[in-house]
Amino acid sequence: YANEKLADAVDLTHHLSELSKRRKTSPLKGMQKYMTKPGTLMLAGGLPDPSYFPFASIGGEAMAPDSYALTTDKPSSSGPLSWLWNIFGASKDKTTPIVIPRFPTGPNELSLADSLQYGPATGVALLQQFIHDFAERVYQPGYKNWTTLIHVGNTDGWSRCVQTLCNPGEVILTEEWTYPSAVALAAPYEVTPVPVGMDAEGMSASSLEDVLANWDEAARGAKRPHVMYTVPVGQNPCGMTMGLQRKKEIYEICVKYDVVIVEDDPYYFLQEGAYVPKAERKSATVQDTQDGFIKSLVPSYLKVDYQGRVVRLDTFSKTIAPGSRLGFFTCNPVFAERFERQGETTTQRPCGFGQALIGQLLTKQWGLDNYVRWLHGLQAQYTARRDALVDGILEGFDSSLSYSDGSYFAAGLPVYSCFLQRGARKKQLGRVLSFVAPTSGMFVWVTVHFDGLPDVPPQDDPEAPRDHETRLWVRFAEAGLLVAPGAFFASTPAIPRADRGHYRIAFSMGPHETLKKGMGIFTKQLQAYFDDALARGA
Ligand code: PMP
Ligand code: PLP
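None of the values given here were measured: they were computed from a predicted structure.

A. Main features of the overall build of the chain. A tally of helices and strands in the chain yields 16 helices and 17 strands. Its C-alpha atoms give the chain a radius of gyration of 25 Å, within 12% of the compact-globule value 24 Å for 538 residues. Its C-alpha atoms put the chain at 90 × 70 × 50 Å along the principal axes. When contacts within the chain are restricted to residue pairs at least 6 apart in sequence, long-range pairs at least 24 apart make up 73% of them.

Structure, rendered in structure tokens:
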């Protein structure tokens, strides 16, 4: 990797917010260089003596990195708890003990004395090194002086971005359907979204150019946005995957209009590829090479970032566990320094127990190659789950009434349409449901076509929902199925349309049978809702 040949990041200091510029370096920081000097007597900081930490050691049992096969088939397993492991196709045979002692047992060893202690906001050194090596191997940023910095998950990462890059009253570019917590986080800072249109690859480059080129400050009541929030892989909620070419186009537009791209990418390793209908699907075992897996993934925005204008947010939430509360930035050193200052006065270093356990797992137990192998196994698991859920939807309709309707999204993905049949003569009525099977992430995003349905009649209860989307959502919930209503994900209230409803359906949890059962309820209640509404209107 020819890092040395690349140029440094351009100067993007002018993107820093007033708040961020007001952050001073802590007066205690000057002490830090002496803290690591061997032999120094440390009587300055209020560091509790490690012998007072009530844990002599911590530990657990780590799964083998190849616990999940690289196939969409479920391998059989035996032994205690095999029924549970069988559900997910993992083998319980190969766990190994993991122990972190109070004091290091040698150089380059993790210890509680270090990880549970106060220390720089950059976190435990070994984990810091691992994160840097990982980013270099997988993302290969397009400039020289990029850096990584640990954070407390992408929620924390995005929170630091908003405070570091945005001033009150500013607007940010987002996909028109986006992750609601990202919007909710920015709102109290008086930072609001400007929706950019989407297509089969997520954010549309032409729509972005259109928004930026025709920005009318007076009409919009805000300066042209200089920050973008985007979820390019497993787009939440819509499930698209943005290819390299689109990323290049969007990046060039961001260079032209001087926009910083915040790439929130929790689903990067869950790239499932195109859905193949059940009848045509062949089970395949993929060859186990780490480099092959990494090459098969669409590159991050970092790869095209020759100026240092991408802040990439990675999280261990979907690759280890959400409760890890660990993740990291990859970005230019100017932004990283401000993020670090912010960390010093808010979260400090992430929880030491988590850093110790995850640090030991990644750096000692597994190592980089094995962690990549683990990620590869997860990809296979999520692919099988995506398939099970999409199968369940298509099977919920008569097969002649649910099919790819011949239309294709730009990325060459078929649009599935499902139709309603009614009456003794099985008269085929209009399309009620359409979706594109997701190519990454954890969610299927469906569109319900309410056009053609009579308006919702007046209700006795004035509190009762008046829109079809909410009414159908309540019907699902009453029937025992909870999905997320589309309106939650609208970046602005102007995005949803009355004649269309959307639902985000997660395939991330539970046995495949549960996914199928859930889609049984979904398709049945959907059709019953249309039957009832049409009968009422007739
Ligand atoms: N407040 C005071 C007065 C302190 O002395 C310290 C720790 N030295 C803190 C806050 C930091 O507390 P915490 O480790 O819980 O963030
Ligand atoms: N960003 C997106 C797009 C997400 O979908 C999620 C989780 O659902 C998060 C961030 C939250 O990540 P974390 O657990 O790292 O805070």
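B. Main features of the packing of helix H8 (residues 205–213) against helix H10 (residues 244–256). Contact geometry for H8 and H10: axes closest at 9 Å, N-to-C directions at 10°. In terms of their interaxial angle, H8 and H10 are classed as roughly parallel. Of the residues in H10, those in contact with Ala-205, Leu-208, Glu-209 and Leu-212 of H8 are Arg-246, Glu-249, Ile-250 and Ile-253. The residue makeup of the contact of H8 with H10, split by class, is five nonpolar, no polar and three charged.

C. Structural context of unusual backbone geometry. Omega for the peptide link from Asn-236 to Pro-237 comes to 20°, which places this bond in the cis form. Take Pro-237: it is sitting in the loop between strand E8 (227–230) and H10. The backbone of Gln-140 shows a phi angle near 45°, a positive value even though the residue is not glycine. Turning to its location among the elements, Gln-140 is positioned in the loop between helix H5 (125–138) and strand E3 (147–151).

D. Layout of the UniProt feature "domain: Aminotransferase class I/classII large" (unreviewed entry) in the chain. UniProt tags residues 113–393 as "domain: Aminotransferase class I/classII large" (unreviewed entry). The straight-line gap between the two end C-alpha atoms of residues 113–393 is 53 Å; of that span, 46% is helix and 14% is strand.

E. The arrangement of the nonpolar core in detail. Core analysis: the largest hydrophobic core is formed by 118 residues, its most contacted members being Ile-172, Met-228, Val-262, Val-311 and Val-444. Residues in contact with Val-444, not counting those within four places in the same chain, are Gly-239, Leu-389, Val-390, Phe-435, Ala-437, Pro-438, Ile-505 and Phe-507.

F. Geometry of the site of ligand 2. Close to ligand 2 lie Gly-153, Asn-154, Thr-155, Tyr-179, Val-231, Asn-236, Asp-264, Pro-266, Thr-315, Ser-317, Pro-322 and Gly-327, which account for all nearby residues. Along the lines of polarity and charge, the residues of the shell around ligand 2 split into four nonpolar, seven polar and one charged.

G. Region of interest: the packing of helix H15 (residues 468–478) against helix H16 (residues 512–537). Where H15 meets H16, the axes come as close as 10 Å, and the angle between the chain directions of the two elements is 135°. Between H15 and H16, the interaxial angle falls into the category oblique. As H15 runs across H16, the sense of the crossing is right-handed. Contacts from Leu-472, Arg-475 and Phe-476 of H15 reach H16 at Ile-521, Phe-522, Gln-525, Leu-526 and Tyr-529. A class-by-class count of the residues in the contact of H15 with H16 yields six nonpolar, one polar and one charged.

H. Fine view of the environment of Ser-204. Take Ser-204: it is sitting in the loop between strand E7 (202–203) and H8. Filtering out sequence-adjacent residues up to four positions away, Ser-204 remains in contact with Val-196, Gly-197, Met-198 and Asp-199.

I. Geometry of the confidence of the model for the chain. Across the chain, the average pLDDT comes to 91, with 94% of residues at 70 or higher. Segment residues 75–83 is flagged for pLDDT under 50; beyond a separation of four residues in sequence, or across chains, it makes 12 contacts in the model. The complex model carries a pTM of 0.92, and its ipTM stands at 0.75.

J. Up close: the environment of Ala-62. Summarising the element assignment, Ala-62 is placed in strand E1 (residues 57–62). Assessed through the 18 C-beta atoms surrounding it within 10 Å, Ala-62 is described here as partly exposed. The spatial distance from the C-alpha of Ala-62 to the C-alpha of Thr-95 is 5.3 Å, given a sequence separation of 33 residues. Setting aside anything within four residues of it in sequence, one finds Ala-62 in contact with Thr-95, Thr-96, Ile-98, Leu-361 and Gln-365.

K. Broad picture of the environment of Leu-16. Assignment of secondary structure puts Leu-16 in the segment before helix H1 (18–22). Contacts of Leu-16, omitting those with residues within four sequence positions, involve Lys-21, Thr-164, Leu-165 and Arg-338.

L. Representation of helix H6 (residues 154–165) within the structure. Under the 1.5 Å per step criterion, the end-to-end length of H6 is 16 Å for 12 residues, consistent within 8% with the ideal 16 Å. Along H6, 12 of the 12 residues are buried, which leaves the element largely enclosed by surrounding structure. For H6, the full list of buried residues reads Asn-154, Thr-155, Asp-156, Gly-157, Trp-158, Ser-159, Arg-160, Cys-161, Val-162, Gln-163, Thr-164 and Leu-165.

M. Seen up close, helix H14 (residues 352–395). Spanning 44 residues, H14 covers only 48 Å between terminal C-alpha atoms, well under the ideal 64 Å at 1.5 Å per step. Maximum bend of H14: about 105°, positioned at Trp-366.

What counts and how
- Residues numbered from 1 in each chain as written.
- Chains lettered and ligands numbered in written order.
- Predicted model: local features only at pLDDT ≥ 70, side-chain atom pairs only at ≥ 80, totals over all residues.
- Helix = DSSP H or I, 4+ residues; strand = E, 2+ residues; numbered from the N terminus.
- Rg over C-alpha atoms; globule rule 2.2 N^0.38 Å.
- Contact = placed C-beta atoms within 7 Å.
- Axes fitted to C-alpha atoms, helices over the stretch in contact; angles between N-to-C directions.
- Parallel < 35°, antiparallel > 145°, perpendicular 65-115°, else oblique.
- Nonpolar A, V, L, I, M, F, W, Y, C, P; charged D, E, K, R; others polar.
- UniProt positions renumbered as here; feature names shortened; annotations may be inferred.
- Core = buried A, V, L, I, M, F, W, Y, C linked by C-beta atoms within 7 Å.
- Buried ≥ 20, exposed ≤ 12 C-beta atoms within 10 Å, placed from the backbone.
- Near = placed C-beta within 6 Å.
- Left-handed = near helix turned anticlockwise from the far one by under 90°.
- pLDDT = per-residue confidence, 0-100.
- Expected span 1.5 Å × (residues − 1).
- Bend = angle between axes of the 7 residues up to and from the residue.

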